[in-house]
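Structural characterization, general
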Amino acid sequence: MPRPLWTGSLSFGLVNVPVMLVTAVRDQGFHFRQLHAETHRPIEVKRFCAAEDTEVPFEEIAHGYEQDDGSLVVITDEDLQSIEPRRTRTIEIESFVPLAEVDPIFFDHPYLLLPIGDSEGTLRAYRLLVEVMQDSDRAAFGRFVMRTKEYLVVVRARGERLALTTLRRHDEVRPRDGIAPAAGEETKAHAAAVDQAVEVIEQLTVDWDPDRYEDHYRERLAEVIEAKRKGGTVKAPTPEKEPAPTPDLMAALEETLASIKSGGGSSPAPSKELAGLTKQELLSKAADADLAGRSKMSKDELVEALST
């Protein structure tokens, strides 16, 4: 079981449920050490004073807020301590909203809220909150303090457990106006194109299954690391050309739909085109297609497997 990051109570009116916070995700990426390219020795990062050219110990480091004119306002640790939020051990639920109305763009980091202890009262209260949120499709908004920061959070049911997700504040999300020009009436999609696009989406719609979506980049990186470990070399594939803009939208939609219905997928690659690729490029496409046993296939076998 993951180590608790925070312990306290989930407060709902006069109901207080002892809970602990554990992370709901894990980092599966590969991490590298920075090395000197010539000696392959690890690189060390040290803090130096630009004026005195001397290393500065951590306890002598202050904070500076840079203003528009380039000048700095010095902020000390004592200054920061003066504005720390009141430390409590409670997640205070303030309101409930329909879960479907919560825009995912505000979601930040996911955690799980688990009950502490095995007392009947605690488990009954925890189970009550899970069932109420499941049955009502509601999410609870609240706040809590972890370390020295106050977080706005949403609590919802996830299976038989409660999930807590920290939220971005409203002013941290860019307003949509001004980011990109909105499509005007002159660029409005034709009804026939909309109908074709909807049918394509319907044909490609499946039940949500997160196991379906593998991290192909991590798989290819693992293969590169294994090849280098064995003393091999890796050649970068030739960059693919940028696809040209679609000249005839209706024709492209019709062709896509016909290909899907014939079992060819949304963007079939002809075997002649595949035969012109290098083996490394074919391995890359095989990883994208989650083709089993690809690392042991010859180039011809890869072409044949990707063509079917």
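The structure under discussion appears in the preceding block.
Report on the accompanying structure. Source: prediction; values computed, not measured.

1. Thoughts on a negative patch on the surface
A contiguous patch of negative charge on the surface is contributed by Asp-207, Asp-209, Asp-211, Glu-214 and Asp-290. With respect to the element layout, Asp-211 can be found in the loop between helix H3 (191–204) and helix H4 (216–229). Residue class for Asp-211 comes out exposed when judged on its relative accessible area of 62%.

2. What about the packing of H3 against helix H5 (residues 249–261)?
Their axes nearest at 10 Å, the elements H3 and H5 cross at an angle of 25 degrees. By the angle between their axes, H3 is roughly parallel relative to H5. Here H3 runs over H5; the crossing is left-handed. Across the interface between the two elements, Ala-192, Ala-193, Gln-196, Ala-197, Glu-199, Val-200, Gln-203 and Leu-204 of H3 pack against Leu-249, Met-250, Leu-253, Glu-254, Thr-256, Leu-257, Ile-260 and Lys-261 of H5. Here the residues of the contact of H3 with H5 are counted per class, giving 10 nonpolar, three polar and three charged.

3. Some points on the nonpolar core
A general tendency of soluble globular proteins is for nonpolar side chains to be buried together. If you look at the biggest cluster of nonpolar residues, it comprises 28 residues, and the most contacted ones within it are Leu-10, Ile-91, Leu-113, Phe-144, Val-155, Leu-162 and Leu-164. Put simply, the parts of the chain that give this core at least two residues each are strand S1 (6–12), strand S2 (15–23), strand S5 (90–98), strand S6 (107–115), helix H2 (120–136), strand S7 (138–146), strand S8 (149–158) and strand S9 (161–167). Excluding its chain neighbours within four sequence positions, the residues that come into contact with Leu-164 are Leu-21, Ile-91, His-109, Pro-110, Tyr-111, Leu-113, Phe-144, Val-153, Val-154 and Val-155. Membership of the second largest hydrophobic core comes to 10 residues, among which are Leu-282, Leu-283, Val-303 and Leu-306.

4. Quick look at the pattern of salt bridges
Enumeration over the complete set of coordinates arrives at nine salt bridges. Across the pair Arg-127 and Glu-131 runs a salt bridge, and its minimum N-O distance is 2.9 Å. You can see Arg-127 and its partner Glu-131 sitting in helix H2, four residues apart, about one turn around the helix. Its relative accessible area of 29% is what places Arg-127 among the partly exposed residues. The closest approach of N and O atoms between Arg-143 and Glu-150, which form a salt bridge, is 3.8 Å. Owing to a relative accessible area of 30%, Arg-143 belongs among the partly exposed residues under this scheme.

5. Description of unusual backbone geometry
In this structure, His-40 takes a positive phi of about 60 degrees despite not being glycine. You can see His-40 is positioned in the loop between S2 and strand S3 (63–66). By relative accessible area, His-40 is classed as exposed at 56%. For Arg-147, which is not glycine, the phi torsion reads 60 degrees and is therefore positive. Turning to its location among the elements, Arg-147 is positioned in the loop between S7 and S8.

Rules used in this analysis
- Residues numbered from 1 in each chain as written.
- Predicted model: local features only at pLDDT ≥ 70, side-chain atom pairs only at ≥ 80, totals over all residues.
- Heavy atoms only, no water.
- Patch = residues over 30% accessible without salt bridge, like charges linked within 9 Å, V, L, I, M, F, W, Y side chains within 5 Å.
- Areas by Shrake-Rupley, 256 points an atom, 1.4 Å probe, with all protein chains shown as cover.
- Salt bridge = Lys/Arg side-chain N within 4 Å of Asp/Glu carboxyl O.
- Lys, Arg positive; Asp, Glu negative; His and termini not counted.
- Charge placed at Lys NZ, Arg CZ, Asp CG, Glu CD.
- Helix = DSSP H or I, 4+ residues; strand = E, 2+ residues; numbered from the N terminus.
- Buried < 20%, exposed > 50% of the residue type's maximum accessible area, 1.4 Å probe, protein only.
- Axes fitted to C-alpha atoms, helices over the stretch in contact; angles between N-to-C directions.
- Parallel < 35°, antiparallel > 145°, perpendicular 65-115°, else oblique.
- Left-handed = near helix turned anticlockwise from the far one by under 90°.
- Contact = heavy atoms within 4.5 Å.
- Nonpolar A, V, L, I, M, F, W, Y, C, P; charged D, E, K, R; others polar.
- Core = buried A, V, L, I, M, F, W, Y, C linked by side-chain atoms within 4.5 Å.

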